[in-house]
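Close look at the chain arrangement
Chain by chain, the residues run as shown.
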Amino acid sequence: MEEKTTATRRIYDGRVIHLDVLDVELPNGMTSMREIVRHPGAVAIVPLDTENNVLMVRQFRMAAGKIMLEIPAGTLKPGEDPALCADRELQEEIGHSAGKMEPLGAFYVAPGYTTERIFLYLATHLVEARLPMDEDEFIEVERVPLAEAVRLVTSGEIDDGKTINGILRAARIYGL
């Protein structure tokens with residue numbers, strides 16, 4: 001069932017992503033083409049305060065064309081430990097650091113065309129700690145009770161994949 005790459009052409013080199021076109025040999029001997037978006041990976045964090053509120057962020061997303069409510073997230077730097085990236089992103093986006101950071105697993109965003117894999121974390125025992133935000137980010141922080149976040153997911157009001165995944169995994173831990 002595996003495909004064998006016979007040639008690769010890089011057709012775009014961006015700041016975060018790269019686009020490759022691959023010629024592949026299929027299991028039946030025929031050939032085809034694959035377009036692969038290369039991405040360094042990312043983290044997404046479900047930060048819970050002592051009252052089980054999720055500290056979420058609202059920001060405009062150009063690809064979706066709207067303001068979205070999401071869990072904090074960010075792109076991994078080359079060779080960066082995902083847990084360290086997660087704590088850095090918390091400090092940049094919501095002004096807190098986690099006393100406890102638990103992995104919730106990882107998932108591929110869209111394995112049909114991208115290498116992007118997101119590592120999920122549950123962050124608790126939050127303490128105030130602020131790092132400067134990225135210059136191109138405009139974020140509002142919002143506290144949402146975990147049960148309400150689950151309702152927003154199940155009603156379709158939250159339609160961001162990483163947020164859906166993180167909220168539902170955290171809710172399962174808390175018996176929701």
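Nothing here was measured: the structure is a model prediction, and the numbers come from that model.

Let's talk about the overall build of the protein
Each helix and strand in the protein was counted, giving three helices and 10 strands. Helices and strands appear in the protein in the N-to-C order β-β-β-β-β-β-β-α-β-β-β-α-α. Partitioning the contacts of the protein with sequence separation of at least 6, the portion at a separation of at least 24 is 56%. Counting only carbon and sulfur atoms, one obtains 53% of the accessible surface of the protein, whose full area is about 10,100 Å². Counting 19 positive and 29 negative side-chain charges, the protein places the averaged centre of each group 4 Å from the other.

Focus: the pairing of strand S2 (residues 18-25)
Looking along a regular strand, one sees side chains alternate from face to face of the sheet. The pairing of strand S1 (residues 4-13) with S2 spans eight bridges and is antiparallel. The residue of S2 that forms the bridge with Lys-4 is Glu-25. Between the end of S1 and the start of S2, which pair antiparallel, lie four residues. Of the pairings in the sheet, the one linking S2 to strand S3 (residues 31-38) comprises eight bridges and is antiparallel in character. Paired with Asp-23 across the strands is Met-33, a residue of S3.

Some thoughts on helix H3 (residues 161-173)
In a regular helix each residue adds 1.5 Å, so 13 residues correspond to 18 Å; H3 covers 19 Å between its end C-alpha atoms and thus fits that length. When we look at burial in H3, the residues that qualify are Lys-162, Thr-163, Asn-165, Gly-166, Ile-167, Ala-170 and Ala-171. In the stretch just after H3, Gly-175 is the one whose phi turns positive, near 70°.

Focus: the sheet that holds S1
Pairing is antiparallel across the open sheet formed by three strands, whose spatial order is S1-S2-S3. Edge positions in the open sheet fall to S1 and S3, since each of these has one partner strand only. Within the sheet, the average angular offset between the axes of one strand and its neighbour, ignoring direction, is 20°.

Topic: the nonpolar core
Val-46, Val-54, Met-56, Ile-71, Leu-120 and Ile-167 are the most contacted members of the largest nonpolar core, which has 24 residues in total. Listing elements by their share of this core, those giving two or more residues are strand S4 (42-47), strand S5 (53-61), strand S8 (96-108), strand S9 (117-128), helix H2 (146-154) and H3. With five residues, H2 is the single largest residue contributor to this core. When residues no more than four places from it in sequence are discounted, the contact partners of Ile-71 are Ala-44, Ile-45, Val-46, Val-54, Met-56, Val-57, Leu-120, Lys-162, Thr-163, Gly-166 and Ile-167. Ile-45, Leu-76, Ala-123 and Ile-139 belong to the second-largest nonpolar core, a separate cluster that totals 14 residues.

Cut-offs used in this document
Residues numbered from 1 in each chain as written. Predicted model: local features only at pLDDT ≥ 70, side-chain atom pairs only at ≥ 80, totals over all residues. Heavy atoms only, no water. Helix = DSSP H or I, 4+ residues; strand = E, 2+ residues; numbered from the N terminus. Contact = heavy atoms within 4.5 Å. Areas by Shrake-Rupley, 256 points an atom, 1.4 Å probe, with all protein chains shown as cover. Lys, Arg positive; Asp, Glu negative; His and termini not counted. Charge placed at Lys NZ, Arg CZ, Asp CG, Glu CD. Pairing = 2+ DSSP bridges. Expected span 1.5 Å × (residues − 1). Buried < 20%, exposed > 50% of the residue type's maximum accessible area, 1.4 Å probe, protein only. Axes fitted to C-alpha atoms, helices over the stretch in contact; angles between N-to-C directions. Core = buried A, V, L, I, M, F, W, Y, C linked by side-chain atoms within 4.5 Å.

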